[in-house]
Amino acid sequence: MKREHQETGAGGGSGYHVATAADMAGAKGKMTAASSMGMEDDDCGVDELLAALGYKVRSSDMADVAQKLEQLEMAMASTAAAASDDASVLPQIASDTVHYDPSHLAAWLDSMLSELNAPPPPLPPPPPVAAAVHQHHHQRFDVSTASAVSEPPAITTVAPLRPSDAYGFKPVPPPAAASGGRVVYGLDPQSEMIVSPRDQKRKRTCSPSSSSSWGAEAGRARGSRTEGASSAKPAAALPVVVVDTQETGIRLVHALMACAEAVQQENLKAADALVKHISVLAASQDGPMRKVAGYFAEAIARRIYRRRPLSQVDRALDSPALEDLLHLHFYESCPYLKFAHFTANQAILEAFSGCRRVHVIDFGMRQGLQWPALLQALALRPGGPPSLRLTGIGPPQSDHSDALQQVGWKLDMLAKTIGVDFRYRGFVASSLADLESRMLLERDGSEGDRDDAGEEEAVAVNSVMELHRLLARTGALEKVLRMVLAVRPRIVTVVEEEANHNGGTFLDRFTEALHYYSSMFDSLEGGGGQAAAAGEEEQQQKHRAMAEAYLGRQICNVVACEGAERTERHETLGQWRVRMARAGFEPAHLGSNAFKQASMLLALYAGGDGFRVEETDGCLTLGWHTRPLIATSAWRVSAASAH
Amino acid sequence: MAGSNEVNANESKMAVPLNTWVLISNFKLAYNMLRRPDGTFDRHLAEFLDRKVPANATPVNGVISFDVLIGRTSKLLSRIYRPAPSTSAAVPLLADLYQPPSADPFPVIIFFHGGSFAHSSSNSAIYDSLCRRFVSLCGAVVVSVNYRRSPEYKYPCAYDDGWAALKWASAEPWLQSGKDAKFRVFLAGDSSGGNIAHHVAVRAAESGIEVSGNILLNPMFGGNCRTESEKRLDGKYFVTIRDRDWYWKAYLPEGADRDHPACNPFGPNAAKLDGLPFTKSLIIVAGLDLVQDWQLAYADGLKKAGHSVKLVYREQATIGFYLLPNTDHFYQVMDEIKNFVMTNVQ
């Protein structure tokens with residue numbers, strides 16, 4: 001029974017495994033199972049059987065890991081025996097420990113062993129600026145409490161605030177004049193799309209300095225294969241969660257797929273007929289599937305007809321202010337952005353632990369929804385808040401309003417109220433690739449005697465759904481990541497949509513997007529928090545309608561656009577890991593404390609049971625039922641790149 | 001705990017391959033951290049530590065999976081596993097997922113994952129792996145039910161969810177096969193899942209839903225008295241009486257003891273199964289599992305009530321032997337399961 005068994009195909013029929021042609025790729029299949037668990041190529045020598053179950057243990061380490069398990073059990077049993085007579089339940093100290101990356105058994109066990117052997121440390125001293133050696137990263141972020149009751153660790157993040165609460169007044173709506181009075185919101189999603197995503201790129205030529213570079217880039221990039229395509233891998237996993245098993249729902253999906261296939265085969269006549277058929281089917285459908293089908297059908301229609309030239313109205317409808325408004329409603333209507341902000345802030349807080357001067361660079365400032373909570377948390381930090389510098393980056397505004405500055409003023413007022421030394425700087429840029437590191441690092445002259453000359457500034461770079469846009473332009477992501485390296489950040493927080501909308505064929509992309517947005521729309525419907533009063537219910541519905549429009553724009557971009565215009569180039573965690581590693585970053589794991597707090601906040605804000613927080617390889621995802629939809633990861637400059 | 005820790009570790013290490021020992025010991029360690037003396041459970045940490053896999057409609061080794069919500073208002077999720085539909089498309093369409101895998105009779109296995117009623121989910125990696133194997137083994141469609149767990153949800157929630165899944169599956173036209181368009185269903189489960197399979201089978205027998213067979217892998221049963229096997233094996237092979245007690249307390253109603261019929265179906269409080277059209281059972285018992293006396297008593301009880309039982313007793317097997325394909329126990333038990341299903345699917 002201790003013999004190692006080879007899996008052999010019992011000739012014909014189903015033996016120990018199905019002996020089909022698919023099994024010629026059997027090894028590949030296994031690797032796929034493993035790669036769906038998030039394994040990369042450098043995990044050679046791991047025990048395959050354990051890897052298939054989600055645990056990475058090198059075969060050569062197996063005996064060592066076994067020994068650690070034994071040691072841990074003995075250590076805990078003796079501590080427990082001393083504390084109580086219940087030897088099978090481990091003392092609280094073990095459960096209050098922050099856990100990281102449970103897949104890496106050896107490291108996980110190590111961190112717990114050192115927890116038990118060493119007394120809990122006081123607030124950790126400021127870590128050295130140079131990148132830490134890999135195996136110590138667990139200790140650095142380890143904040144354990146010795147209390148008997150399970151309490152959140154010393155570093156806390158306050159629950160995300162409603163934007164109106166945070167700023168004390170409502171955010172500024174877009175000026176009606178700019179839209180020419182023709183703003184159509186998504187209450188009727190079948191009607192005219194608010195703006196062609198194609199126009200989004202055009203608007204970024206408003207600021208004279210960048211228009212020439214964009215025009216040339218757009219021309220060059222169109223039709224050429226961008227850097228975004230992922231390298232050949234075993235067949236990607238396609239997670240499918242079926243909620244609506246209505247007969248018409250299935251026919252609708254079938255028709256959409258057939259339509260996409262026709263488009264791929266350039267059979268535009270068939271595609272056109274199918275688009276009309278889809279509209280008919282969708283009309284008789286109920287719920288989120290109807291809306292999703294509507295947006296996809298609309299997007300295919302745009303692709304088929306390639307609306308050109310762009311009308312004046314189209315251009316007018318497209319404004320960053322409008323985009324921000326939809327974004328705000330998306331923020332309100334579902335927990336994804338709140339989760340993103342919360343988990344990113346958690347990582348930033350931990351990285352800033354013990355630092356007296358900190359600098360956050362936000363790649364997508366928008367209305368600064370993420371920052372009030374961080375300010376609050378820093379204000380409440382034991383030992384007092386650091387001085388915080390915030391650099392916000394945003395696109396040029398078509399109406400020449402200075403939204404970027406206004407956000408800064410609001411945050412400044414909040415900071416004054418809660419007693420945090422705060423400085424703000426906004427940068428307008430059409431693309432992150434236009435930025436230079438020295439621009440971000442240089443300080444304005446007004447520092448004067450507030451500058452603690454001796455101490456270095458700890459930098460965090462924060463990117464919430466911004467990096468994927470860079471994949472539309474060859475080399476842009478690499479340039480931006482080089483810039484990030486150059487600012488020597490202590491932590492880089494990245495939040496991205498968890499989907500591959502950037503690889504393979506149009507049909508692949510379409511299929512992925514259909515499943516992704518189906519889950520998304522479903523969560524908007526099913527996950528609405530408890531609205532007590534009738535007025536709140538109406539408000540929630542408005543948020544939802546706008547949130548759907550926000551997502552609808554993404555759908556349109558994914559399906560109807562190509563080349564430089566297709567900016568919604570979402571990629572999965574697995575793909576981002578490869579990119580970040582290549583660029584010189586290593587993972588900074590998010591731990592069980594962030595997981596727990598995110599889960600608890602979810603229960604407060606989301607109400608619906610369908611939302612799930614999951615941990616994979618040190619990253620946290622939020623999804624609807626079993627389908628992760630958004631992923632937060634944190635990164636450090638790798639030891640190799642530090643020199 | 002009987003025996004010193006060191007002795008127990010050495011004994012259990014001799015009984016299983018090293019990677020199995022690491023896997024099961026890791027679970028034991030983690031689970032110890034999750035159970036609190038006051039009867040509460042650290043659910044957030046449990047979810048954080050559990051290794052999960054997404055469903056995958058792209059064929060892997062000829063098997064695909066997808067998640068279904070059974071009924072929009074209910075939040076009962078199940079993961080469906082099936083042979084990859086034969087389609088020219090690289091990725092099956094939604095409609096393809098609901099095509100019967102074959103015109104000939106095929107089994108539907110409703111699977112209840114283990115975890116002592118408190119741990120794991122239908123998307124836990126260990127159970128995803130096992131369910132995929134069942135598909136390959138028998139050409140089955142497997143429905144892995146994500147039943148509500150204790151201590152948040154006590155008896156009878158898990159049984160209710162199991163029953164709901166069975167009823168849902170029995171009404172799905174694509175799950176019927178053969179010239180007689182019959183729903184050929186097996187109920188299967190390991191540990192607490194085995195217990196659930198039994199109780200759902202009772203309900204099925206009482207309600208006229210025909211079940212082709214029950215497959216119980218190390219099923220979780222118990223009772224008030226301490227059996228010989230419990231005393232002899234306490235703490236020796238990953239499991240202790242104490243943790244068993246905790247899990248029963250967490251699942252059974254407030255104030256109930258282990259002679260509650262959910263725990264002890266042939267105990268003093270149980271209803272008789274004689275005369276009921278209860279299905280045939282394949283019961284697999286591991287010789288190093290401390291609750292084997294209860295499992296053997298269960299098998300006996302079924303036989304005495306006039307029901308067909310095939311008992312497979314693996315003398316040297318521990319709990320969890322079916323999680324890794326690295327022992328004779330694994331392959332021979334899989335063979336038994338395959339034979340049982342193929343024989344009774346007609």
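Going by the annotation in an unreviewed UniProt entry, the name recorded for chain B is (wild Malaysian banana) hypothetical protein, with Musa acuminata subsp. malaccensis given as the source organism. UniProt lists a comment for chain B under the heading Sequence similarities (unreviewed entry), and it reads "Belongs to the 'GDXG' lipolytic enzyme family." Listed under Subcellular location (unreviewed entry) in UniProt, the entry text for chain B is "Nucleus".

As named in an unreviewed UniProt entry, chain A is DELLA protein, taken from Musa acuminata subsp. malaccensis. You can read under Sequence similarities (unreviewed entry) in the UniProt record for chain A the words "Belongs to the GRAS family. DELLA subfamily." In its Function (unreviewed entry) section, UniProt records this for chain A: "Transcriptional regulator that acts as a repressor of the gibberellin (GA) signaling pathway. Probably acts by participating in large multiprotein complexes that repress transcription of GA-inducible genes."

Residues and numbers for the side chain of Asp128 of chain B, please.
Residue and element names in this part refer to chain B. Structurally, the position occupied by Asp128 is in helix 5 (residues 125-138). Note on Asp128: relative accessible area 6%, which makes it buried. A polar contact is formed between the side chain of Asp128 and the side chain of Tyr81, at a distance of 2.8 Å. Apart from the residues within four sequence positions on either side, Asp128 is in contact with Val53, Arg79 and Tyr81.

An account of the side chain of Glu47 of chain B is requested, with residue identities and associated values reported.
Relative to the elements of secondary structure, Glu47 of chain B occurs in helix 3 (residues 43-49). In this structure the side chain of Glu47 of chain B is engaged in a polar contact, spanning 3.1 Å, whose partner is the side chain of Arg149 of chain B. Setting aside its immediate chain neighbours within four residues, Glu47 of chain B contacts Phe595 of chain A together with Lys52, Ser121 and Arg149 of chain B.

Give a description of the environment of Gln370 of chain A that names residues and reports values.
Residue and element names in this part refer to chain A. Relative to the helices and strands, Gln370 resides in the loop between strand 2 (357-362) and helix 16 (371-379). For the pair Gln370 and Asn345, spaced 25 residues apart in sequence, the C-alpha to C-alpha distance is 7.8 Å. Apart from residues lying up to four places away in sequence, Gln370 is in contact with His341, Ala344, Asn345, Ile348, Asn462 and Val464.

Outline the environment of Asp257 of chain B, supporting the account with residue identities and numerical values.
Residue and element names in this part refer to chain B. On the secondary structure map, Asp257 appears in the loop between helix 9 (241-251) and strand 9 (281-286). Of the residues examined, Asp257 reaches a relative accessible area of 40% and is grouped as partly exposed. C-alpha separation for the pair Asp257 and Leu276, spaced 19 residues apart in sequence, amounts to 26 Å. When near neighbours in sequence (up to four residues on either side) are disregarded, Asp257 contacts Asn224 and Leu252. At 2.9 Å, the side chain of Asp257 and the backbone nitrogen of Asp259 are in polar contact.

With reference to specific residues and values, describe the pairing of strand 3 (residues 108-112) of chain B.
All names here are of chain B. Of all five residues in strand 3, five are buried; the element is thus mostly enclosed. Both faces of strand 3 are covered, namely the face carrying Val108, Ile110 and Phe112 and the face carrying Ile109 and Phe111. Both strand 3 and strand 4 (residues 141-145) contribute to a ladder of five bridges, which runs parallel. Across the sheet, residue Ile110 finds its bridge partner in strand 4, namely Val143. Assessed by its sense of winding, the connection that carries the chain from strand 3 through helix 5 to strand 4 is right-handed. Bridge count for strand 3 against strand 7 (residues 185-190) is five bridges, and the pairing is parallel. Across the sheet, the residue bridging to Phe111 is Ala188, located in strand 7.

So, the pattern of salt bridges: which residues are in play, and what are the values?
A side chain with one charge can pair with a side chain of the opposite charge if their charged atoms come near. The full count for this structure, using the stated rule, is 42 salt bridges over all chains. A salt bridge links Lys68 of chain A to Asp64 of chain A; its shortest N-O distance comes to 2.8 Å. Taken together, the positions of Lys68 of chain A and Asp64 of chain A, both in helix 3 (residues 62-83) and four residues apart, correspond to about one turn of that helix. On the basis of relative accessible area, Asp64 of chain A is assigned to the partly exposed category, the value being 35%. In this structure, Lys28 of chain B and Glu73 of chain A form a salt bridge, with 3.0 Å as the shortest nitrogen-oxygen distance. In this pair, Lys28 of chain B sits in helix 2 (residues 18-34) while Glu73 of chain A sits in helix 3, so the two residues belong to two different chains. Overlapping salt bridges bring together Arg303, Arg509, Glu562 and Arg566 of chain A as one network.

Tell me about the sheet that holds strand 4 of chain B, and name the residues and values.
What the nine strands build is an open sheet, ordered 1(A)-1(B)-2(B)-4(B)-3(B)-7(B)-8(B)-9(B)-10(B); its pairing is mixed. Only two strands of the sheet have a single partner each, and these edge strands are strand 1 (241-242) of chain A together with strand 10 (309-314) of chain B. Together, strand 3, strand 7 and strand 8 (213-217) of chain B form the strand contacts of helix 7 (residues 192-207) of chain B, whose direction differs from that of strand 7 of chain B by roughly 150°.

Any chance you could break down the UniProt feature "active site" (unreviewed entry) in chain B for me, citing the residues and the numbers?
Residues and elements named next belong to chain B. In this structure's numbering, the residues bearing the UniProt feature "active site" (unreviewed entry) are Ser191. For Ser191, the location among the structural elements is in the loop between strand 7 and helix 7. Relative accessible area serves as the criterion here: at 14%, Ser191 is assigned to the buried category. Leave out the neighbours within four places in its chain, and Ser191 touches Gly114, Gly115, Ser116, Leu217, Asn218, Pro219 and Met220.

Which residues make up the packing of helix 15 (residues 336-351) of chain A against helix 16 of chain A, and what are the values?
All names here are of chain A. At a minimum axis separation of 10 Å, helix 15 and helix 16 run at an interaxial angle of 35°. In the crossing of helix 15 with helix 16, the sense of the turn from one axis to the other is right-handed. Across the interface between the two elements, Asn345, Ile348 and Leu349 from helix 15 touch Trp371, Ala373, Leu374, Ala377 and Leu378 from helix 16. Residue composition of the contact of helix 15 with helix 16, by class: seven nonpolar, one polar and no charged.

Go over the nonpolar core with me, naming the residues and quoting the values.
As a rule of thumb, nonpolar side chains are buried together in soluble globular proteins. In this structure, Phe296, Tyr336, Phe510 and Tyr517 of chain A together with Leu166 of chain B are the most contacted members of the largest nonpolar core, which totals 245 residues. Of the residues that make up this core, three or more belong to each of domain 1 (245-318) and domain 2 (320-439 + 454-498 + 570-641) of chain A. Setting aside its immediate chain neighbours within four residues, Phe296 of chain A contacts Leu256, Phe510, Ala513, Leu514, Tyr517, Ile555 and Val559 of chain A. Counting residues in each nonpolar core, the second largest holds 31 residues, with Ile361, Ala429, Leu471 and Val494 of chain A among its members.

How would you sum up the packing of helix 6 (residues 157-170) of chain B against helix 7 of chain B? Please name residues and give values.
Residues and elements named next belong to chain B. Contact pair helix 6 / helix 7: the axes reach a minimum separation of 9 Å and the direction vectors enclose 55°. As the angle between them shows, helix 6 and helix 7 are arranged oblique. Classified by chirality, the crossing of helix 7 by helix 6 is right-handed. Contacts between helix 6 and helix 7 pair Ala158, Tyr159, Asp160, Gly162, Trp163 and Leu166 from the former with Asn195, Ile196, His199, Val200, Arg203, Ala204 and Ser207 from the latter. Class assignment for the residues of the contact of helix 6 with helix 7 results in seven nonpolar, four polar and two charged.

Outline the pairing of strand 6 (residues 491-497) of chain A, listing residues and values.
Residues and elements named next belong to chain A. Counted residue by residue, strand 6 has seven buried out of seven residues, so it is predominantly covered. Every second residue of strand 6 is oriented toward a common face, with Ile491, Thr493, Val495 and Glu497 on one face and Val492, Val494 and Glu496 on the other, all of them buried. Where strand 5 (residues 458-464) lies against strand 6, five bridges are found, and the strand directions are parallel. From the neighbouring strand, Asn462 faces strand 6, where its bridge partner is Thr493. In the sheet, strand 6 pairs with strand 10 (residues 627-637) via six bridges, with the strands oriented antiparallel. Counterpart to Glu497 in the pairing with strand 10 is Ile630.

Each value, and the rule that gives it
- Residues numbered from 1 in each chain as written.
- Chains lettered and ligands numbered in written order.
- Predicted model: local features only at pLDDT ≥ 70, side-chain atom pairs only at ≥ 80, totals over all residues.
- Heavy atoms only, no water.
- UniProt positions renumbered as here; feature names shortened; annotations may be inferred.
- Helix = DSSP H or I, 4+ residues; strand = E, 2+ residues; numbered from the N terminus.
- Buried < 20%, exposed > 50% of the residue type's maximum accessible area, 1.4 Å probe, protein only.
- Polar contact = N/O pair within 3.5 Å; in protein donor to acceptor, adjacent residues only side chain to side chain.
- Contact = heavy atoms within 4.5 Å.
- Pairing = 2+ DSSP bridges.
- Right-handed = clockwise from strand over helix to strand, strands pointing away.
- Salt bridge = Lys/Arg side-chain N within 4 Å of Asp/Glu carboxyl O.
- Axes fitted to C-alpha atoms, helices over the stretch in contact; angles between N-to-C directions.
- Left-handed = near helix turned anticlockwise from the far one by under 90°.
- Nonpolar A, V, L, I, M, F, W, Y, C, P; charged D, E, K, R; others polar.
- Core = buried A, V, L, I, M, F, W, Y, C linked by side-chain atoms within 4.5 Å.
- Domains from an automatic or database assignment.
- Parallel < 35°, antiparallel > 145°, perpendicular 65-115°, else oblique.

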